[in-house]
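Coordinate analysis (summary)
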Amino acid sequence: MLVRLLYASRTVDTSPDAIEAILSQSRQHNPTCGITGVLCYGGGVFLQAIEGGRSAVSALYGHIQKDPRHKDVELLHFEEIHERRFGGWTMGQVNLTRINHSILLKYSEKPELDPYSVSGRVSFALLEELMATASIIGRA
């Protein structure tokens, strides 16, 4: 059974090296677990969608909640899915400092990433728009 989990967190270390370390670890670990997804970050905030088998996604989310690199981890949305939406990425990435801020403004009060103040469905719609506008980068 496939599921999709969407969560938000704040990063403890906002340096580019810290972000790259998280992405690198995801890209190494996720393929063996059948996990795919996308990580969106900006202003010290992460918005991440992870997809895969229910047990694997649950285990990964449990690990993220205990990871000292994350704080304020909050579940935004969880659902059973028929197919993956982010299957092309072991962990795609979006750096919000490099996108048109009107995309963010379309989904929130201010042109900044704040998944804590919008619904999970709105956050997912943002990720879908970022994918549609080719804002997601990364390797499979």
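Before reading further, recall that the structure is shown in the block above.
Here the structure is a predicted model, which means the values were calculated and not measured. Residue numbers here run from 1 along each chain, matching the order of that chain's written sequence. pLDDT decides what is reported in this predicted model: residues at 70 or higher carry local features, side-chain atom pairs at 80 or more are listed and counted, and totals for whole chains, interfaces and linings draw on all residues regardless. Side-chain numbers come from the whole structure's heavy atoms, not from hydrogens or water.

What to know about the overall build of the protein
Just so we agree on the cut-off: Secondary structure counts use DSSP, requiring at least four H or I residues in a row for a helix and at least two E residues in a row for a strand, with both numbered from the N terminus. Partly exposed describes any residue whose relative accessible area lies between the buried limit of under 20% and the exposed limit of over 50%, with all areas from a 1.4 Å probe on protein chains only and scaled to the type maximum. Any two residues whose heavy atoms approach within 4.5 Å are treated as being in contact. Per-residue and other accessible areas were derived by the Shrake-Rupley procedure at a 1.4 Å probe size, with only the shown protein chains allowed to occlude residues.
A count of helical and extended segments in the protein gives four helices and five strands. Along the protein, helices (α) and strands (β) appear in the sequence β-α-β-β-α-β-β-α-α when read from the amino end. Relative to its 140 residues, the protein shows a buried fraction of 48%. Across the protein, every contact between residues at least 6 apart in sequence was considered, and the portion connecting residues at least 24 apart equals 79%. For the protein, the accessible area works out to roughly 7200 Å², and carbon and sulfur atoms hold 51% of it.

Section: the nonpolar core
The following threshold applies: To qualify as a nonpolar core, a set must consist of buried Ala, Val, Leu, Ile, Met, Phe, Trp, Tyr and Cys residues joined through side-chain atoms within 4.5 Å.
Core analysis: the largest hydrophobic core is formed by 22 residues, its most contacted members being C40, L47, L96, L126, L127 and L130. Elements represented by at least two residues in this core include exactly β1 (2-11), β2 (36-42), β3 (45-53), α3 (101-107) and α4 (120-132). The element contributing the most residues to this core is α4, with five residues. What L47 contacts, discounting residues up to four positions off in sequence, is L6, Y7, V38, L39, C40, L76, L113, P115, S123, L126 and L127.

Digging into the pairing of β3
Operational definition: Pairing between strands is defined by DSSP: at least two bridges between the two strands are required.
Judged by how many residues are buried, β3 sits mostly within the fold: eight of nine residues are covered. By the bridge criterion, nine bridges tie β1 to β3 in an arrangement that is antiparallel. The residue of β3 that forms the bridge with A8 is L47. Of the strand pairs in this sheet, β2 and β3 are connected by seven bridges, and their pairing is antiparallel.

Examining unusual backbone geometry
At D72, a position not held by glycine, the phi torsion is positive, near 55°. With respect to the helices and strands, D72 occurs in strand β4 (residues 70-81).

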